[in-house]
Amino acid sequence: MFFSGDSSTRKRVDLGGRSSKERDRQKLLEQTRLERNRRLWLRQQNSAALKIQKCFRGRRAVEAEHSKVREQFFIAYGKRCQNVDRLCFGLDSEFLRQLLFFFNAQNVGDFSALVETCRLLQQFVRDSGDIVSLFAGMDYSSKHTLVDYRVKQLAYACIQAVHKNRNQLKDQLLMSSEKSSTSTILLLEAVVMLINPKLPWVCKVVGYLLERNAYTLLRDIILTGKESMNTCTSIGKVSSLERLVGLIISHVGQAPCICPDIDPQWSFSSQILTVPFLWHLFPYLKEVFATRGLSQHYIHQMALCVQNHANVLPNDISTEFPGYACLLGNILETAAVAFSQPDCSFDMAINFAAVLTFLLEALPPLKSSSRESIEMSEDEMSLGEEITEKVMNKDLEQQISNAIDPRFLLQLTNVLFGGISLVNGSYKQGPDDKEVAAVGAACAFLHVTFNTLPLERIMTVLAYRTELVPVLWNFMKKCHENEKWTSLPGQLAYLSGDAPGWLLPLAVFCPVYKHMLMIVDNEEFYEQEKPLSLKDIRCLIIILRQALWQLLWVNPTTSNLVKSVTDISAHRRNPVELIQHRVGIVVSELLSQLQDWNNRRQFTPPSDFHADGVNEYFISQAVIENTRAYDILKQAPFLVPFTSRVKIFTSQLAAARQRNGSHAVFSRNRFRIRRDHILEDAFTQLSALSEEDLRGLIRVTFVNEFGVEEAGIDGGGIFKDFMENITRSAFDVQYGLFKETVDHLLYPNPGSGMIHEQHLQYFHFLGTVLGKAMFEGILVDIPFATFFLSKLKQKYNYLNDLPSLDPELYRHLIFLKHYEGDLSELELYFVIVNNEYGEQTEEELLLGGKNVRVTNENVITFIHLIANHRLNFQIRQQSSHFLRGFQQLIQKDWIDMFNEHELQLLISGSLDGLDVDDLRTNTHYAGGYHSEHYVVDMFWEVLKSFSLENQMKFLKFVTGCSRGPLLGFKYLEPLFCIQRAAGHASEEALERLPTSATCMNLLKLPPYRSKAQMETKLLYAINADAGFDLS
């Protein structure tokens, strides 16, 4: 307890680090482990050597035995089997046992012996007519095991012999059985004889062949024969190889067949149906496959592989012939026959659609497809090498494209939709399971087809010859009214269970219904309410609007909404984004088209097109480029109320004016315009300006008919008057550049070149004038025809726009469309007669049209070519030059926010007249006047009592424009002001007329003492038409 003086218990400290004993222990363990691994490796090496030696000795012994038996065989039966008789095929003979024991397909002697055996077999069977007794004698039932074994071995040896020697026999592989002297034919015909469906052992033999992957051997044989088929083939004859495959494929394990199921990877579907252009080689096999119920079995087998996402296809023959594309082409070519069979079932159609969908998804878009496809940008070209990787054979592309023809689509949809009722019943129960399956299968297949094949060939048949639109609409209506969108089966592997149920139906319904609306006429749409009733269309608009808002704003998948759908690499990487992006586009296009129909004749309030979620935040974002709201405004502007879009448009114009004119206190562009030569002077001076100068300030001085400059400094008002005068002159039909429809709407005169030599330059000039008016926020009273306004939006006009141009021609065309007799009797041809100023010219609507008679089959084409000629072709040059001038000042994306009806409002303002109360609310007073002054009260009462025409003249008198701002007088710049004139109310002063300063929107009003006096003076002033001298 206490220190005792003994230091022996003191703790020793080793400063040398870890103990040397510990180091030795770790080293020993490591050496032991290495030694153990070395001994294990030696044991494995010795064991492997023993196995190799054992295998080698065994093989050597077998080869020795083979050689021994082969020698005995040839001694006994002869090199050419010349000692073989009928009894040698029986069980008591050693002939077949020995031959099948030593047979080696690559041994020339063995091959010759097998060929001779097959020749003798066929000879003996022909002589006796009974192959069973040849192998089994008179008692097959007691000896069937051994007989079956020998027959199986013999059949497989024959196929193997052809396979191993296929390169040497390639010229014989596809020969018909008539050329029976060749070794290939003898071998194959022997197998055909051995698997005759009437024989008792047939299923056991075929089952054995399938277990030994016979389809793989046959595939190699077919491909080798295909390479040399042009050198020596029998045209129109059924080859032995084709007969053999035809017999084997009928064994599908269904009664009375007892063949076992085989691995799909080695099946007929995977190995044989992936041979390019199989049916061109084997037309008889195509008939067997399609007509005997076999296609139903094999399509079901493939559908199971699709559901399990199993890849069972062999390696591609080459990059030009991918296996999935060859399989797709071959399946499609049998579809027409398969669907026309009486036993074709709904389940088969479902499976067929599933398999085709899976295969089409793997297919790159065909080069002839996509009429709306645009050229790839440099960015898209650099996204990856997937675009250039898959270059399919042109004939293979053509095979697939031709097979998905109107007949096939009609058959498929008829089988799928055959049992679905279109009678309007209760929608609260929702769609049944069969309807869900049919809609899911059809939509998945058609969605993938739309992305792969040319649309022109399939849209018309889907729209007019199938029940696709009514079936899909009934389905969507049930889901909408039931407030539950049924999740469609997993036809598209990449669509997860939580994907919206409306996504796939809309992807198909929208483009087909949109195509239908291009062809349907006004009477069918509005009066007959075909294909959908107006009530249903109102419901459809709500569904489309909600879906589009969900896709673009609530749950967007990509920030780049306008990315090209031709981006193949993106298609492969993000298929879900592709379908959502695609649905966003087609829904936008259909809603835009329905809005056009609503503008022609209103059947639903315009607000039905507006999204519920548009608020101030959205509007503030929409003016900023590269924001989601900005992209939505470009893609689907109808979702945003018109007034909000006008605010955005005016802010864009204001920003552009500020960029181009804020620094200019004085304009460098001053026009001196003679009032009696206003158009010529304006054309000369405005055409000389650059685009930059056009966007800047322009000041105008008028010269009256006496050559004297009119009084007044242009602060903007004189320029407004100049714009109104020039538009009134240039757009007057008397000038010859424009014509009027029956509704007094303006459109370019197709014969303008016969009146004005420089007519195209004038159209460019007038486009600039209109663009300048809109750029400066000046409303001009020019009522344009809708089909011409669509040219400002670079849109195409269709038949339904024709009534606004020529209602009589439209009625005649509709008469032809619904004509029930033989149209060829009317002696109409594909030509149109133009009549301009008494000069008649005949023009062909298509090449050689004067020799093409209009018939019941081509009348729809004729009608649309006539409409295209009148609405698009005749005015194409005038419209093109007008548009170039217009776009010098107004960017395309500015007016893309508006439809044609709204664009007319932007140009001319509202047609509702002057809102006096709104003007009074937004008026300033000066010079002693105020809102309660008795003169001011009299003024508003007098203005209210004016006719609409006089009210517009008053507005022009004080602002320079006869129409008010589109959003109300709150947006008039500067606000309207009434100033007291004639400070002393003397009799002389009260005789003065009211005057104005249009540049300031100012009315100088003397303090008249009575309403009568004020009304008289105002009317005189606004009707004096004395130019700016009055001010």
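Residues numbered from 1 in each chain as written. Predicted model: local features only at pLDDT ≥ 70, side-chain atom pairs only at ≥ 80, totals over all residues. Heavy atoms only, no water.

Asks: I'm lost on the side chain of His515 in this one. Help?
Replies: Note on placement: His515 falls in helix H23 (residues 503-519). Since its relative accessible area comes to 15%, His515 is described here as buried. (Helix = DSSP H or I, 4+ residues; strand = E, 2+ residues; numbered from the N terminus. Buried < 20%, exposed > 50% of the residue type's maximum accessible area, 1.4 Å probe, protein only.)

Asks: It is not clear to me how a nonpolar patch on the surface should be interpreted in this structure. Could you clarify?
Replies: On the surface, a cluster of nonpolar side chains totalling about 310 Å² of accessible area is made up of Met754, Ile755 and Tyr837. Mapped onto the elements, Ile755 comes out in the loop between strand S4 (746-748) and helix H34 (759-775). (Patch = residues over 30% accessible without salt bridge, like charges linked within 9 Å, V, L, I, M, F, W, Y side chains within 5 Å. Areas by Shrake-Rupley, 256 points an atom, 1.4 Å probe, with all protein chains shown as cover. Salt bridge = Lys/Arg side-chain N within 4 Å of Asp/Glu carboxyl O.)

Asks: Please clarify how the packing of H23 against helix H25 (residues 534-554) should be interpreted in this entry.
Replies: To characterise two packed helices, one gives the angle between the axes of the helices and the distance between these axes. It is the contact of H23 with H25, at a shortest axis distance of 12 Å, that shows an interaxial angle of 125°. Here H23 lies oblique to H25, going by the angle between them. In the packing of H23 onto H25, the handedness of the crossing is left-handed. Contacts from Leu503, Leu506, Phe509, Cys510 and Tyr513 in H23 reach Ile537, Leu540, Leu544, Ala547 and Leu551 in H25. (Axes fitted to C-alpha atoms, helices over the stretch in contact; angles between N-to-C directions. Parallel < 35°, antiparallel > 145°, perpendicular 65-115°, else oblique. Left-handed = near helix turned anticlockwise from the far one by under 90°. Contact = heavy atoms within 4.5 Å.)

Asks: What's the story with the pattern of salt bridges in this structure? I'm lost.
Replies: Pairs may arise between side chains of opposite charge once their charged atoms sit close together. According to the stated counting rule, one finds 29 salt bridges in the structure shown. Linking Glu902 and Arg645 is a salt bridge whose minimum nitrogen-to-oxygen distance equals 2.7 Å. Of this pair, Glu902 sits in helix H40 (residues 900-908) while Arg645 sits in helix H30 (residues 642-661), placing them 257 residues apart in sequence. The buried category is assigned to Glu902, whose relative accessible area is 8%. On the basis of relative accessible area, Arg645 is assigned to the buried category, the value being 1%.

Asks: Explanation requested: the sheet that holds strand S10 (residues 1002-1005) in the structure shown.
Replies: Pairing between the strands of a sheet comes from backbone hydrogen bonds, and it takes one of two forms, parallel or antiparallel. Reading across the sheet, the four strands line up as S7-S8-S10-S9 and stay open at both edges, with mixed pairing between neighbours. Because the sheet does not close on itself, it has two edges, and the strands there are strand S7 (923-926) and strand S9 (995-997). Put simply, the sheet's adjacent strands are angled 25° from each other on average, direction ignored. (Pairing = 2+ DSSP bridges.)

Asks: When you look at helix H21 (residues 456-464) in this model, what are you seeing that I'm missing?
Replies: Residues lying three or four places apart along an α-helix face the same way, a consequence of the helix completing one turn every 3.6 residues. Inspection of H21 places Ile458, Met459, Val461, Leu462 and Ala463 among the buried residues, and these make up the whole buried set. The inward-facing, buried residues of H21 abut helix H19 (406-417), helix H20 (433-452), helix H22 (468-481) and H23.

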